[in-house]
Amino acid sequence: MQLQVARIGKPHGIRGEVTVQVLTDAPGDRFVPGTEFVVEPASAGPLIVEGARWNKDILLLAFEGIETRNQAETLRGAKLFIETEELDEDDDEGWYEHELVGLEARVGSQVVGKIAALHTLPVQDLLVVETPDGKEILVPFVEQIVPEVNVAGGFVLLTPPDGLFEVNDGEAGPGEAEENA
């Protein structure tokens, strides 16, 4: 199975470097020179890292064979994947999105939806819970709110604070208040 670790953004400079949206918690280990990525779309890869550096909070990558801004532009939006067999299986500190998507989201014994996605953000990760009526609820992926993840059992236990599902369901979003009035 493949695990997405980044998405390529816009070119940076004129020598073929690109910005990347990092989707891994170990960028120092994943983006070292010589690392080969499986790319989606396949026509853009495979890509081998030639250089990696940080410019403020943005990771810049250079790939073998990509030497101009125009070549770098053709990579925009491409997704970078690694094979999961390369991963350390003794990491009990977290979960990957592919392990969580599809699990039932439960509050107590009540099923409130299914996990649709995991958004990894600098401050904290967010679980996207799709409710039976099709709404997407963003749930902070912190131990106080998500005390149990049981992949084998097929569920995630939630202890949301009062109102989390109501506040987060988008009903009071901009422009919708007039429609609901």
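We now turn to the structure provided with this report. If you're wondering where the values come from, they're calculated on a predicted model, not measured in any experiment.

## What to know about the environment of Ala 72
Next, step 1: Tracing the sequence through the fold places Ala 72 in helix H2 (residues 69–73).
Next, step 2: When the C-alpha atoms of Ala 72 and Thr 19 are compared, they prove to be 9.7 Å apart, with 53 residues separating the residues in sequence.
Next, step 3: Ignoring any residue separated from it by four or fewer positions in sequence, one finds Ala 72 in contact with Pro 11, Gly 16, Glu 17, Val 18 and Ile 66.

## With respect to the sheet that holds strand E6 (residues 79–83)
Pairing between the strands of a sheet comes from backbone hydrogen bonds, and it takes one of two forms, parallel or antiparallel.
Next, step 1: Around the barrel, 6 strands lie side by side as E1-E2-E5-E4-E3-E6; this closed barrel has antiparallel pairing. Between one strand axis and the next, the sheet turns through 50 degrees on average, direction left out of account.

## Describing the nonpolar core
Next, step 1: Counting 21 residues, the largest nonpolar core has Ile 8, Phe 37, Leu 47, Leu 61, Phe 63 and Leu 80 as the members making the most contacts within it.
Next, step 2: Secondary structure elements with two or more residues in this core: strand E1 (2–12), strand E2 (17–22), strand E3 (36–40), strand E4 (47–55), strand E5 (58–63) and E6.
Next, step 3: A total of 4 residues in this core trace back to one element, the largest contributor, which is E1.
Next, step 4: Beyond its immediate stretch of four places on either side in the chain, Leu 47 contacts Ile 8, Thr 35, Glu 36, Phe 37, Val 39, Phe 63, Ile 66, Leu 75 and Leu 80.
Next, step 5: Within the second largest apolar cluster, 18 residues are counted, among which are Val 129, Ile 145, Leu 158 and Phe 165.

## Points about unusual backbone geometry
Next, step 1: With an omega of 10 degrees, the peptide bond between Glu 40 and Pro 41 qualifies as cis.
Next, step 2: The residue Pro 41 is located in the loop between E3 and E4 in this model.
Next, step 3: Positioned with a positive phi, Lys 56 is a non-glycine residue whose angle comes to about 60 degrees.
Next, step 4: Within the secondary structure, Lys 56 is located in the loop between E4 and E5.
Next, step 5: Looking at Lys 56, the relative accessible area reads 77%, which means it is exposed.

## Considerations on the environment of Val 18
Next, step 1: On the secondary structure map, Val 18 appears in strand E2.
Next, step 2: The spacing of Val 18 and Ala 62 is 44 residues in sequence and 6.6 Å in space, taken between C-alpha atoms.
Next, step 3: Those residues in contact with Val 18 that sit more than four places away from it in its chain are Ile 8, Lys 10, Pro 11, His 12, Leu 59, Leu 60, Leu 61, Phe 63 and Ala 72.

## Looking at the sheet that holds strand E8 (residues 110–119)
Next, step 1: Strand order across the open sheet formed by 6 strands is E10-E9-E8-E7-E12-E11, with mixed pairing between neighbours. The outermost strands of the open sheet, each flanked by one partner alone, are strand E10 (136–140) and strand E11 (148–150). The sheet shows a mean angle of 35 degrees between the axes of neighbouring strands, taken without regard to direction.
Next, step 2: Pairing of strand E7 (residues 104–107) with E8 involves 4 bridges; the strand directions are antiparallel. For Glu 104, the partnering residue across the bridge sits in E8 and is Lys 114.

Definitions and cut-offs
- Residues numbered from 1 in each chain as written.
- Predicted model: local features only at pLDDT ≥ 70, side-chain atom pairs only at ≥ 80, totals over all residues.
- Heavy atoms only, no water.
- Helix = DSSP H or I, 4+ residues; strand = E, 2+ residues; numbered from the N terminus.
- Contact = heavy atoms within 4.5 Å.
- Pairing = 2+ DSSP bridges.
- Axes fitted to C-alpha atoms, helices over the stretch in contact; angles between N-to-C directions.
- Core = buried A, V, L, I, M, F, W, Y, C linked by side-chain atoms within 4.5 Å.
- Buried < 20%, exposed > 50% of the residue type's maximum accessible area, 1.4 Å probe, protein only.

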